[in-house]
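Residue-level listing of the chains:
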Amino acid sequence: MLAAVLLLAGCATGPSLENQGQVTAPPGDATHLTIGSAGFTESDLLAQMYAVLLGRAGYRTRILSVTNREIYEPALESGQIDVVPEYAATFADWLNAKAHGPQARPVGSPSLARTMAALRPLAARRGLTVLAPGRAIDQNAYAVPRGYAARHRLRTLSDLGRSRLPVRLAAGDECAARPYCAPGLRKTYGIRLTGIDPTGIGTTPSKRAVQRGRDQMLVTTTTDATLDGFGLVILRDDRHLQNADHVVPVVNRARAGSARIAAVLDRLGRVLTTADLASLNEQVDSWRRLPEDVARRYLESKRLVPAS
């Protein structure tokens, strides 16, 4: 694994910086494809599903796990990785900061159309193609105890704002400054945040802090399947504070930009929902099943591949 990471970091066979943005070669359709995973459960599952679907379509595939975007994105540009599952708004902001500096104004937004309109040119300048976004969304979400929600009749973040209840939030350190975290909760929803408990995003300590009443709400994600076990429920982001982090396959155009590959991966995007992805995560993280087994069973259940 270390050798693979060093190889990725040390090689650069893609378009040079002065030629980026002027990619004129036809989209590629390589028969051997390397699929990248960012090394966490959800990314592993998506990579496994990509591999099975592309394998069924006649491609030879392998999966390479590289946990650092600073390494796997250049490898995607150079063609050492051909396909990676990404998240629309997050990847748009990352590429924008890479192109224009860390202080660049974010281009991701709650609007999927605006986010994709910003993302695709940023990716194209680096020899990448962003395929159709899927139905599944992995974005920040805010959860409270089920009993607390029932007692105060809370279903949405707007309900919490109108309640004027004091809220201590379990979150990461960066939440205090992130526009889509504490500042947005105050400005968009009028939520009375009394403080931030720096226990992390979706971590077990954060969930326990809210479960035990030390905090009233935590930051997690829409595909977190462990909330029910802690007696927690997500309050709906009814005013669309969070960015459009739909799952999107990103490919190296020169090697994997063909319409055939896009059609194969789009079949999954049209079927896989946020709830499905949360369930798949739970099977791996809580039930200790192998990602490759969970991925294949899901594809079989949706008749995307024949049952084995």
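Scroll up to find the structure.
Residues numbered from 1 in each chain as written. Predicted model: local features only at pLDDT ≥ 70, side-chain atom pairs only at ≥ 80, totals over all residues. Heavy atoms only, no water.

1. Some words on the pattern of salt bridges
Now for step 1: Inspection of the entire model under this criterion finds 13 salt bridges.
Now for step 2: Across the pair lysine 98 and glutamate 77 runs a salt bridge whose closest N-O atoms are separated by 3.2 Å. With lysine 98 in helix α4 (residues 88-100) and glutamate 77 in helix α3 (residues 69-78), this residue pair connects regions lying 21 residues apart in the sequence.
Now for step 3: With its nearest N and O atoms 2.5 Å apart, the salt bridge here joins arginine 255 to aspartate 82. Within this pair, whereas arginine 255 is found in helix α10 (residues 253-256), its partner aspartate 82 is found in the loop between α3 and β3 (83-87), the two being separated by 173 residues in sequence.
Now for step 4: Look at aspartate 82 and you get buried, because its relative accessible area is 1%.
Now for step 5: One continuous salt-bridge network, built from bridges that share partners, spans Glu73, Glu77, Lys98 and Arg126. (Salt bridge = Lys/Arg side-chain N within 4 Å of Asp/Glu carboxyl O. Helix = DSSP H or I, 4+ residues; strand = E, 2+ residues; numbered from the N terminus. Buried < 20%, exposed > 50% of the residue type's maximum accessible area, 1.4 Å probe, protein only.)

2. Let's talk about the sheet that holds strand β9 (residues 232-235)
Now for step 1: The five strands lie next to each other as β7-β6-β8-β5-β9, forming an open sheet whose pairing is mixed. Two strands close off the open sheet at either side, each with one partner strand: β7 (192-197) and β9. Averaged over all neighbouring strand pairs, the angle between strand axes comes to 40°, with direction disregarded.
Now for step 2: Here two bridges tie strand β6 (residues 166-170) to strand β8 (residues 217-221), and the two strands are oriented parallel to one another. (Pairing = 2+ DSSP bridges. Axes fitted to C-alpha atoms, helices over the stretch in contact; angles between N-to-C directions.)

3. Considering the state of the cysteines
Now for step 1: For the coordinates displayed, the defined rule picks out one disulfide.
Now for step 2: Across the disulfide from cysteine 175 sits cysteine 181; the S-S distance is 1.9 Å. An S-S torsion of about -85° defines the bridge between cysteine 175 and cysteine 181 as left-handed. Pair check on accessibility: cysteine 175 and cysteine 181 agree, each one buried. (Disulfide = S-S within 2.5 Å.)

4. Overview of unusual backbone geometry
Now for step 1: Positive phi, normally seen in glycine, also occurs at arginine 153, with a value near 55°.
Now for step 2: Of note, arginine 153 is situated in the loop between α6 (146-151) and α7 (157-163).
Now for step 3: Residue arginine 153 is classed as exposed on the basis of its relative accessible area, which comes to 74%.
Now for step 4: Look at histidine 240: it is not a glycine, yet its phi comes out positive at around 55°.
Now for step 5: Tracing the backbone through its elements, the reader meets histidine 240 in the loop between β9 and β10 (247-252).
Now for step 6: On the basis of relative accessible area, histidine 240 is assigned to the exposed category, the value being 56%.

5. Focus: the pairing of β10
Now for step 1: In terms of burial, β10 is largely enclosed, as six of its six residues are buried.
Now for step 2: Every second residue of β10 is oriented toward a common face, with Val247, Pro249 and Val251 on one face and Val248, Val250 and Asn252 on the other, all of them buried.
Now for step 3: Note that β3 and β10 share five bridges and pair antiparallel. Bridge pairing in β10 places valine 83 opposite valine 251.
Now for step 4: Alignment of strand β4 (residues 128-130) against β10, held across three bridges, turns out to be antiparallel. The residue bridging valine 130 from the neighbouring strand is valine 250, located in β10.

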